[in-house]
Amino acid sequence: MQIVCISRGTLAGGRALAEKLAAKLGYDCLSREELTEAATRAGIPVGKLEMAMVKSGIFSERLALERDHYLAFSTEYLCQKATEGGLVYHGRIGHLLLPGVGHVLRVLVVADEEYRIKAVMQNLGLDREKARRYIEGVDEDRNRWIHSMYGISWKDASNYDIVLNLSQMGTD
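The sections below set out a description of the structure shown in this document.

So, how was this worked out
- Residues numbered from 1 in each chain as written.
- Predicted model: local features only at pLDDT ≥ 70, side-chain atom pairs only at ≥ 80, totals over all residues.
- Heavy atoms only, no water.
- Core = buried A, V, L, I, M, F, W, Y, C linked by side-chain atoms within 4.5 Å.
- Buried < 20%, exposed > 50% of the residue type's maximum accessible area, 1.4 Å probe, protein only.
- Helix = DSSP H or I, 4+ residues; strand = E, 2+ residues; numbered from the N terminus.
- Contact = heavy atoms within 4.5 Å.
- Pairing = 2+ DSSP bridges.
- Axes fitted to C-alpha atoms, helices over the stretch in contact; angles between N-to-C directions.
- Parallel < 35°, antiparallel > 145°, perpendicular 65-115°, else oblique.
- Left-handed = near helix turned anticlockwise from the far one by under 90°.
- Nonpolar A, V, L, I, M, F, W, Y, C, P; charged D, E, K, R; others polar.
- Disulfide = S-S within 2.5 Å.
- 1 Å grid on protein atoms, 1.4 Å probe; cavity = no way out; pocket = protein on both sides within 12 Å on 5 of 7 lines; lining within 4 Å.
- Points joined across faces, edges and corners; volume = space filled by probe spheres on them.

This paragraph deals with the nonpolar core. Ranked by internal contacts, the top residues of the largest apolar core, which has 28 residues, are Leu-35, Tyr-70, Phe-73 and Leu-78. Sorting the residues of this core by element identifies β1 (3-8), α2 (32-41), α3 (46-54), α4 (61-83), β3 (87-91), β4 (104-110) and α6 (128-150) as the ones contributing at least two each. The element best represented in this core is α4, accounting for seven residues. Setting aside residues up to four positions removed in sequence, Leu-78 forms contacts with Leu-30, Leu-87, Tyr-89, Gly-94, Leu-97 and Leu-98.

Taken in spatial order, the five strands of this open sheet run β2-β3-β1-β4-β5, and their pairing is parallel. On the outer flanks of this sheet lie β2 (28-31) and β5 (162-165), each paired with one strand and no other. Across the sheet, the axes of successive neighbouring strands diverge by a mean angle of 20°, strand direction being ignored. The sheet strands contacting helix α1 (residues 14-25) are β1, β2, β3, β4 and β5, and the helix crosses β1 at an angle near 165°. Along the sheet face, α4 touches β1, β2 and β3 and points at about 150° away from the line of β3.

For the rest of this paragraph, the subject is the packing of α2 against α4. Where α2 meets α4, the axes come as close as 10 Å, and the angle between the chain directions of the two elements is 120°. It follows that α2 is oblique to α4 by the angle criterion. Classified by chirality, the crossing of α4 by α2 is right-handed. Residues Arg-32, Leu-35, Thr-36, Ala-38 and Ala-39 of α2 pack against Tyr-70, Phe-73, Ser-74 and Tyr-77 of α4. Looking at side-chain class alone, the contact of α2 with α4 contains six nonpolar, two polar and one charged residues.

Moving on, we come to the state of the cysteines. If you walk through the whole model with that rule in mind, you get zero disulfides. Note on Cys-29: no disulfide assigned, nearest cysteine sulfur contributed by Cys-5 at a separation of 11 Å. You can see Cys-79 has no disulfide; the closest cysteine sulfur is in Cys-5, sitting 10.0 Å from it.

Inspection of the entire model under this criterion finds one cavity of 30 Å³ or more. Roughly 70 Å³ of volume is contained in the largest cavity. Together, Arg-32, Leu-35, Tyr-70, Ser-74, Tyr-89, Arg-92, Leu-97, Trp-145 and Tyr-150 line the largest cavity. Of all the secondary structure elements, the ones that give two or more residues to the lining of the largest cavity are α2, α4 and α6.

Roughly 350 Å³ of volume is contained in the largest pocket. Lining the largest pocket are 16 residues; nearest its centre among them are Arg-8, Thr-10, Leu-11, Arg-15 and Glu-33. At the level of secondary structure, the elements contributing two or more residues to the lining of the largest pocket comprise α1, α2 and α6. For the second largest pocket, the calculated volume is near 230 Å³.

Before going further, it helps to spend a moment on the packing of helix α5 (residues 113-124) against α6. At a minimum axis distance of 9 Å, the contact between α5 and α6 shows a crossing angle of 110°. Considering the angle they form, α5 stands roughly perpendicular to α6. Listed contacts from α6 to Glu-113, Glu-114, Arg-116, Ile-117, Val-120, Met-121 and Leu-124 of α5 are Arg-128, Ala-131, Arg-132, Tyr-134, Ile-135 and Asp-139. A class-by-class count of the residues in the contact of α5 with α6 yields seven nonpolar, no polar and six charged.

Pasting the structure below:
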């Protein structure tokens, strides 16, 4: 079974690409949001953990243990889903949860600022400036989360097999 992990910027089109790809390949599609919900149901305080990771200075030994539990749970969950057949996962740098697994295609989906601003305006009903600030804030939080969890920048293209700019191509 093959695994495609799609890391996506805020409203860059990664979700739509993942869903279309999974349907075309006949694979299950799993989002970071679904993974987070499963971890929360398993008793891992993901919201509290995320706040600690993105806000500097409030990380404790207990939260370090919660982070380790979250990483272990997430790895196990992805592996379990992948054993059921092909899998397309989209979210925050999921391929790093599967170190040493050779049959993972690591994809980064990006789009230019204008594409993303229009998507936020349309999907969230925000004006242009609020949409720009929203993207900036979410990206900043995402950067802090990934750096805290893995010590890397999610935007570094060397962490991926392929980078797709959806402002230059469609999801089809």
